[in-house]
Amino acid sequence: MLHTVNKSPTERNALESCLKHLKKGSAVLLIEDGVYGALRGTASTKMVEQALKIHPIYALSPDIEARGMQDRVIEGIKLVDYNGFVDLAVEYPGVQAWL
Amino acid sequence: MLHTVNKSPTERNALESCLKHLKKGSAVLLIEDGVYGALRGTASTKMVEQALKIHPIYALSPDIEARGMQDRVIEGIKLVDYNGFVDLAVEYPGVQAWL
Amino acid sequence: MMKLGILINEGPYTHQASDTAYLFTKAAIEKGHKIHRVFFYNDGVYNASRLTEPPQDDRHIVNRWQKLAKDHHIDLVVCVAAALRRGIKDENLQEGFRISGLGQLVETGIQSDRLVTFGD
Amino acid sequence: MMKLGILINEGPYTHQASDTAYLFTKAAIEKGHKIHRVFFYNDGVYNASRLTEPPQDDRHIVNRWQKLAKDHHIDLVVCVAAALRRGIKDENLQEGFRISGLGQLVETGIQSDRLVTFGD
Amino acid sequence: MEEDAGGKVKKFLYINRKAPYGTIYALESLEVVLISAAFDQDVSLAFLDDGVYQIVKGQHTKPIDVKNFSPTYRALEGYDIEKLYVEKESMEARGLKEEDFIVPVKVIDTADMAELMESQDVIMSF
Amino acid sequence: MEEDAGGKVKKFLYINRKAPYGTIYALESLEVVLISAAFDQDVSLAFLDDGVYQIVKGQHTKPIDVKNFSPTYRALEGYDIEKLYVEKESMEARGLKEEDFIVPVKVIDTADMAELMESQDVIMSF
């Protein structure tokens, strides 16, 4: 399953709840304000780094750049553009949005 | 100042942020989904009880009843209706909404 | 008796903000306070759509505001910039609302004893 | 090549959901995938308002969807129940969108290889 | 209503993570669930995070002048929609017990909820 | 524009707690701030919680096809709106430093932010 998260982890509980519900083989894609979850040195970094040990985590680079966060992404998080988003949605057997 | 909070404390950070910014003499009014912050036995109860030692906390009873929470309100939190909301807005020198 | 300004930032039905604002405003009027203005901003501009048609058994948020304003001579102002980008124009504006500039919001803040905000 | 269904739950400009959905859908088409339907629900119905008029230097979200649909024969469906309570009707519906029932959303789930949701 | 979906039966999961009344998502999610009953699919509902508040007993919405839609969850059984799952950790963090709910539900833990999500064909979240 | 407000000068505080682009609140808040410049009031802006992200340097919005409004914060000075406050704790929890901001700001702690809020006549939050 590909899980998409579009909320900032410092404003809402969506990312935290998502990470608790990942099964083996699942991946996370951070989009929109969700990309704040991809950053180094924040209150949520440790939680994300823990999940990253087990699950691939992606972040939508257009959203990262829009927010000026291009130099702050946690090592190991893969950046994708909209084409990459489409590829992920196709590659995984389903897409679950954590709204 | 009267601070209004309309977000659930288990979904967003609004209540937590509000409580950190209370000055002596300020009060909090929980409305809409914010009334979930008025409940006993939840993950946010302790935080609210701490604030209650120093600040008056009110909850909008129509919103409490709508959500079926009438028997779960923390002792010491005062219930008000829309008339009471108006009285509080008038009594305090300003109203700050934590959106 | 006080002069109150009301700011509504969310659309009807989707968020409770407009419901709460309405019930607050009604209570304030009944208590003898004066409503300087109700200002609709952000998605709040959708509260002014004349085409709104809720289910029969549901409250009619738009018409409720309209009636309250008519009965008590309340100024219902919809922000023009917020309205244009959301498709609210004279063409679909309910009677009793008027479209004006953001300056009316700032003026509400200046002229009211309290500005009370309802949003998300 | 896959058949994708798109669900949009938020209105234009207010939330980024419709922007992301558009850019995703466009990329999917360019990659050769088929879009079974774009379904507009909740505040998503506001994406279909013909009266929408953003500032000159801003993207026109409504017309952008309309053009994409025309160029690639995409079915843009607006939920009738969600639309009525939000004041979207034939009267202010942009060409290229059609109003229909929620069953079309369930059908999209059944017929598509993937349903991708964009919301708040 | 067009109910012919070519004979396919898919597993549909409706995920409810938001509280009722503050926003319309809970109600409009329920409206989709009701419609889906006509399509003979394999439907489940999951209540987690603040979504567990949607099905709490004793909702009285008259004071806020909004329709109380919680009794509708009881009607789901009549449409053969009987798989309602509540996440234990979400329920407990809100001081709720199984008997607080207006409908019979199956209480499952986070690991089982994750399993449930993973086993679906179509997931809808509002 | 009607700018006559009877000569009153009030303290206006615009509170920014939301990130930019995911929602329109940051932009539409800024639009009110700009209009307020015409009214000769005593205007301050507060950035706390995710609001601090609004004024981070290096925003490039072309890839999401949305207008980058962050340079507009720099224009505020020209309208004599110079009191921009950032909450230290919010900034640090997001790994940001004072030099990461696109405009000069005053960094204050939570206690001072609370003081600032308390001293205002009109508070607008979006």
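Shown above is the structure to which this text applies.
For clarity, every value in this text was computed on a predicted model and none was experimentally measured. (Residues numbered from 1 in each chain as written. Chains lettered and ligands numbered in written order. Predicted model: local features only at pLDDT ≥ 70, side-chain atom pairs only at ≥ 80, totals over all residues. Heavy atoms only, no water.)

Trainee: Before we go on, may I ask you to explain the arrangement of the chains in this structure?
Mentor: Nothing in chain A touches chain C; the tightest C-alpha to C-alpha distance between them is still 13 Å. For chain B and chain D, which are not in contact, the least C-alpha distance works out to 13 Å. (Contact = heavy atoms within 4.5 Å.)

Trainee: Explain helix α4 (residues 110-118) of chain F here, please?
Mentor: Each full turn of the α-helix corresponds to 3.6 residues, which orients residues three or four apart in the same direction. Taken together, the buried positions of α4 of chain F are occupied by Thr110, Met113, Ala114, Leu116 and Met117 of chain F. Around the axis of α4 of chain F, the buried residues are gathered within 160° of arc, so they sit on the same side. (Buried < 20%, exposed > 50% of the residue type's maximum accessible area, 1.4 Å probe, protein only. Helix = DSSP H or I, 4+ residues; strand = E, 2+ residues; numbered from the N terminus. Arc of directions from axis to C-beta.)

Trainee: For this particular structure, what's the right way to read the interface of chain F and chain A?
Mentor: How big an interface is tends to be stated in terms of accessible area lost as the parts join. Tallying the contact residues gives 22 residues for chain F and 19 residues for chain A. Three residues stand out in chain F for area buried against chain A, namely Tyr53, Pro63 and Ile64 of chain F, and they jointly supply 29% of the buried area on that side. In this structure, the connection of chain F to chain A is made through one salt bridge. In this structure, the salt-bridge partner of Asp100 of chain F is Arg72 of chain A, at a minimum N-O distance of 3.0 Å. Across the side of chain F that touches chain A, the residue classes break down as nine nonpolar, seven polar and six charged. (Buried area = accessible area lost by both parts, 1.4 Å probe. Salt bridge = Lys/Arg side-chain N within 4 Å of Asp/Glu carboxyl O. Nonpolar A, V, L, I, M, F, W, Y, C, P; charged D, E, K, R; others polar.)

Trainee: Please explain the side chain of Thr4 of chain A as it appears in this structure.
Mentor: Looking at where Thr4 of chain A falls in the secondary structure, it is placed in strand β1 (residues 2-5). In contact with Thr4 of chain A, other than residues within four places in its own chain, are Leu29, Phe85, Val95, Gln96, Ala97 and Trp98 of chain A.

Trainee: Whenever I open this one, the layout of surface pockets confuses me. Can you help?
Mentor: Empty space among the atoms can be located by rolling a probe the size of a water molecule over them. The computed volume of the largest pocket comes to approximately 940 Å³. The residue inventory of the lining of the largest pocket, partitioned by class, reads nine nonpolar, 14 polar and 16 charged. (1 Å grid on protein atoms, 1.4 Å probe; cavity = no way out; pocket = protein on both sides within 12 Å on 5 of 7 lines; lining within 4 Å. Points joined across faces, edges and corners; volume = space filled by probe spheres on them.)

Trainee: Explanation requested: the sheet that holds strand β3 (residues 76-79) of chain D in the structure shown.
Mentor: Residue and element names in this part refer to chain D. Across the sheet, five strands lie side by side as β4-β3-β2-β1-β5; this open sheet has parallel pairing. What marks the edges here is a single partner per strand, and that holds for β4 (97-100) and β5 (114-118). Looking at each pair of strands side by side, their axes are set apart by 25° on average, direction ignored. Sheet topology note: the strand β1 (residues 3-8)/strand β2 (residues 34-40) ladder contains six bridges and is parallel. Across the sheet, residue Gly5 finds its bridge partner in β2, namely Arg37. Relative to the sheet, helix α2 (residues 61-72) contacts β1, β2, β3 and β4, its axis offset from that of β3 by approximately 130°. (Pairing = 2+ DSSP bridges. Axes fitted to C-alpha atoms, helices over the stretch in contact; angles between N-to-C directions.)

Trainee: Would you mind going over the sheet that holds strand β4 (residues 78-80) of chain A with me for this structure?
Mentor: Residue and element names in this part refer to chain A. Strand order across the open sheet formed by five strands is β4-β3-β2-β1-β5, with parallel pairing between neighbours. The open sheet has two edge strands, β4 and β5 (95-98), and neither has a second partner. Taking the axes of each pair of neighbouring strands and ignoring which way they run, one obtains an average angle of 25° across the sheet. Relative to β5, β1 runs parallel, the two being bridged by four bridges. Across the sheet, Val5 pairs through a bridge with Trp98, a residue of β5.

Trainee: Please explain the interface of chain F and chain C as it appears in this structure.
Mentor: Counting from both sides, the interface comprises 23 residues of chain F and, opposite them, 21 residues of chain C. For the pair chain F and chain C, the summed buried surface comes to about 1,800 Å²; carbon and sulfur atoms form 58% of the total. At the junction of chain F with chain C, the criterion picks out three salt bridges. The tally of links between chain F and chain C comes to 11 residue pairs in polar contact (both at pLDDT 80 or more). Going through the elements one at a time, β1 (11-16), α1 (25-36) and β5 (122-125) of chain F are the ones with two or more residues in the side of chain F that touches chain C. Among the elements that make up the side of chain F that touches chain C, the one with the highest residue count is α1 of chain F (seven residues). Class assignment for the residues of the side of chain F that touches chain C results in 14 nonpolar, four polar and five charged. (Polar contact = N/O pair within 3.5 Å; in protein donor to acceptor, adjacent residues only side chain to side chain.)

Trainee: What's the story with the nonpolar core in this structure? I'm lost.
Mentor: Of all hydrophobic cores here, the largest spans 258 residues; its most connected members are Trp65 of chain C, Trp65 of chain D, Tyr14 and Tyr73 of chain E together with Tyr14, Tyr73 and Met124 of chain F. In this view, Met124 of chain F contacts Leu7, Leu105 and Leu115 of chain C together with Phe12, Leu13, Tyr14, Ile15 and Val32 of chain F; residues no more than four positions away in its chain are not counted. (Core = buried A, V, L, I, M, F, W, Y, C linked by side-chain atoms within 4.5 Å.)

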